[in-house]
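# Examination of the molecular architecture
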Amino acid sequence: MMAMRGIRRAALLAVLLASPALHAAEVAGVAVADQLKVAGGDLVLNGAGLRSKVFFKVYVGALYVSQKSAAAEAVIDSGQPRRMRLHMLRDLDADSFYAALDEGLRNNHSAAQLAELKPQSDQLAALMRGFGKVRESEVIDIDFTGDGIVLARNGSIAGKVAGAAIGRALLRVWLGEKPADAGLKKALLGS
């Protein structure tokens, strides 16, 4: 009887530990939630990975979507809500932070496309520069909607940039043909 009860407890514990909804992934020491509530809906973790530059760990990026996909273009072109969450692993001044995103935009878009995006990218730059210094352990969320992006820092909305094109363009920084970090792109797509 006691042995049977022990076996049942062990089996229950194994089921609970195996359930993806009950525990988070961990990347570079950062716990990454398996799902989030965004705008009243649930988003699931598509993938998460480490963004590093040279020898420095910069942030843990986690991509949340309505429906998982390993296809970059499907995620980029989706009309469903998506969120890119950045768990900062080091301090960065706002200019450096935006410069990295701007480089990713330039690497994945033609001069004509960048010219079309200029009003929105200028607005994004102003929002990010408004952050001042982004500190280690802070969380930056970029929500992608059908009509633009919403930028938040530690859960407080910093502002919005209208236009679906800026959302698709910004997602290409991580998921485009020339991503900021190829290893991070693979991780975000669940590979």
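Now for a quick tour of the structure. (Residues numbered from 1 in each chain as written. Predicted model: local features only at pLDDT ≥ 70, side-chain atom pairs only at ≥ 80, totals over all residues. Heavy atoms only, no water.)

Closest axis-to-axis distance for the helix 3 (residues 94-108)/helix 5 (residues 164-175) pair is 8 Å, and the angle between their directions is 95 degrees. One finds that helix 3 runs roughly perpendicular with respect to helix 5. The segment helix 3 lies against helix 5, with Leu101, Gly104, Leu105 and Asn108 engaging Ala169, Leu170, Arg172, Val173 and Trp174. Residues of the contact of helix 3 with helix 5, tallied by class, amount to six nonpolar, two polar and one charged. (Axes fitted to C-alpha atoms, helices over the stretch in contact; angles between N-to-C directions. Helix = DSSP H or I, 4+ residues; strand = E, 2+ residues; numbered from the N terminus. Parallel < 35°, antiparallel > 145°, perpendicular 65-115°, else oblique. Contact = heavy atoms within 4.5 Å. Nonpolar A, V, L, I, M, F, W, Y, C, P; charged D, E, K, R; others polar.)

Further remarks concern the sheet that holds strand 4 (residues 41-53). The antiparallel open sheet is built from seven strands, whose spatial order is 3-4-5-6-9-10-11. Of all the strands in the sheet, just strand 3 (35-38) and strand 11 (156-162) have a single pairing partner and so form its edges. Within this sheet the neighbouring strands show an average axis-to-axis angle of 25 degrees, counted without direction. In this sheet, strand 9 (residues 139-145) lies alongside strand 6 (residues 82-88) in antiparallel orientation, the contact comprising six bridges. (Pairing = 2+ DSSP bridges.)

This next bit is on helix 3. Three- or four-residue spacings in an α-helix give side chains the same orientation, since the helix completes a turn every 3.6 residues. Taking 1.5 Å as the rise per residue, helix 3 with 15 residues should run 21 Å; its terminal C-alpha atoms sit 22 Å apart, in good agreement. Tucked into the core, helix 3 has its buried residues touching strand 6, strand 7 (92-93), helix 4 (111-129), strand 8 (133-134), strand 9 and helix 5. Taking the backbone nitrogen of Asp95 as reference, a side-chain oxygen 3.2 Å away marks Asp93 as the first, capping residue of helix 3. (Expected span 1.5 Å × (residues − 1). Polar contact = N/O pair within 3.5 Å; in protein donor to acceptor, adjacent residues only side chain to side chain.)

Close contact between helix 3 and helix 4 brings their axes to 10 Å; oriented N to C, the two are set at 165 degrees. Relative to helix 4, helix 3 is oriented roughly antiparallel. In this structure, helix 3 crosses over helix 4, and the sense of that crossing is right-handed. Across the interface between the two elements, Ala94, Asp95, Phe97, Tyr98, Leu101, Leu105, Arg106 and Asn108 from helix 3 touch Gln113, Leu114, Ser121, Leu124, Ala125, Met128 and Arg129 from helix 4. Considering only residue class, the contact of helix 3 with helix 4 consists of nine nonpolar, three polar and three charged. (Left-handed = near helix turned anticlockwise from the far one by under 90°.)

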